[in-house]
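Report on the structure
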Amino acid sequence: MAPSTTPDAPFGRMLTAMITPMHADGSVDADGAAELAVRLVDERRHDGLVINGTTGESPTTDDAEKERVLRAVVEAVGDRASIVFGAGSNDTRHSIHLAKMAEGAGADGLLTVCPYYNKPPQEGIYRHMTAIADSTGLPVMLYDIPGRAGVPIASDTLIRLADHDRIVAVKDAKADLFASSQVMAATDLAYYSGDDNLNLAWLSQGAAGFVSVVGHVAGTELHEMIDLYRSGDVTGALAIHRRLLPVVAAIMTRTQGVIAVKAALALQGLPSGTVRAPLVDATPEFTAQLREDLITGGIKVEAAE
């Protein structure tokens, strides 16, 4: 586990849900994933990376591809960053298989998304999450994202799950700050913002940190926001929040995050590549506007050709 982890921030504070770089033919670029991971950790102040999340195109990569990328990232930065692997799915048996694979490949933790599409009842969610947590010795971050899953992890369920020794954190993309504050008050779960537009608000509720998408291009700035807020400089943290508003809007509000981030990384000359169907690559018009928004937010891009 990375040196930056603490009991109240078990995976570090600044994490990004990393893309899976692709070659021009649509195949996975594991070397590119390693290169990007090094840049994020060594140059953009990341305490950790989440591999094989939605932004990593987990719905359209197979198990062998997932493992190849995970092993490449662990080898590249696993000695100095927390590597969390997205082992969740809507199939408990498959999730357990992925969790065991991740443990064998050197992951430091698991991200387990609320089962999607089949919309299980809360008891099913509870059993799903505990079965995954029981299957390895790795700490678990629950991923509560009803906008994609179709169902939330209810507060009562989160409080029950917090009793499990290895369930230690929540990535929250439910955007119910009050309900989550109640869970935080009732448990020792560390909360991570899963909504870049609410990062600063989450810090005010006591969040441990971020699992970001915008962090691909603004990890240093987001880590500074965390540091300033935790040191008591709320005004300084607010200034960073406001400066990044056009960047967050460009990446998080106009299309799928992975489409925007791959376009943004390409503008910086970093490994990114195409997206897999049914996603579609960013249009030239989107990319031109994205370039302007990144520059407005103080993010460096390569000179236009």
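So, here's what we can say about the structure. (Residues numbered from 1 in each chain as written. Predicted model: local features only at pLDDT ≥ 70, side-chain atom pairs only at ≥ 80, totals over all residues. Heavy atoms only, no water.)

Take the overall build of the chain next. The number of helices and strands found in the chain is 13 helices and eight strands. In terms of C-alpha radius of gyration, the chain reaches 18 Å, essentially the compact-globule figure of 19 Å for 305 residues. Seen through its C-alpha atoms, the chain measures out along the principal axes to roughly 55 × 45 × 35 Å. Taking all 305 residues of the chain together, 57% fall into the buried category. Once local pairs closer than 6 in sequence are excluded, the contacts in the chain between residues at least 24 apart make up 69%. Here the chain has roughly 12400 Å² of accessible surface; of this, 51% comes from carbon and sulfur atoms. Once the 25 positive and 39 negative side-chain charges of the chain are each reduced to a mean point, those two points are 2 Å apart. (Helix = DSSP H or I, 4+ residues; strand = E, 2+ residues; numbered from the N terminus. Rg over C-alpha atoms; globule rule 2.2 N^0.38 Å. Buried < 20%, exposed > 50% of the residue type's maximum accessible area, 1.4 Å probe, protein only. Contact = heavy atoms within 4.5 Å. Areas by Shrake-Rupley, 256 points an atom, 1.4 Å probe, with all protein chains shown as cover. Lys, Arg positive; Asp, Glu negative; His and termini not counted. Charge placed at Lys NZ, Arg CZ, Asp CG, Glu CD.)

If you walk through the whole model with that rule in mind, you get two aromatic pairs. Each ring, one from Phe-11 and one from Tyr-192, has its centre 6.4 Å from the other, and the planes form 55°; the classification is tilted. Highlighted residues: Phe-11 in the segment before strand E1 (14–17) and Tyr-192 in strand E7 (residues 190–193), separated in sequence by 181 residues. The residues Phe-11 and Tyr-192 share a single accessibility class, namely buried. Ring centres of Tyr-191 and Trp-202 lie 5.6 Å apart, and the angle between their planes is 20°; on these two criteria the pair is classed as stacked. Linking Tyr-191 in strand E7 with Trp-202 in helix H8 (residues 199–204), this pair joins segments that are eleven residues apart in sequence. (Phe/Tyr/Trp six-rings, centres within 6.5 Å; stacked < 30°, edge-to-face > 60°.)

Before going further, it helps to examine the sheet that holds strand E4 (residues 109–113). Strand order in the closed barrel made by the eight strands is E1-E2-E3-E4-E5-E6-E7-E8, with parallel pairing throughout. Taking the axes of each pair of neighbouring strands and ignoring which way they run, one obtains an average angle of 25° across the sheet. Taken together, the five bridges between strand E5 (residues 140–144) and strand E6 (residues 167–172) define a ladder with parallel strand orientation. Each bridged residue has a counterpart across the sheet, and for Asp-144 the counterpart in E6 is Asp-172. Strands E1 and strand E8 (209–212) of the sheet are contacted by helix H9 (residues 215–231), whose axis makes an angle of about 155° with E1. (Pairing = 2+ DSSP bridges. Axes fitted to C-alpha atoms, helices over the stretch in contact; angles between N-to-C directions.)

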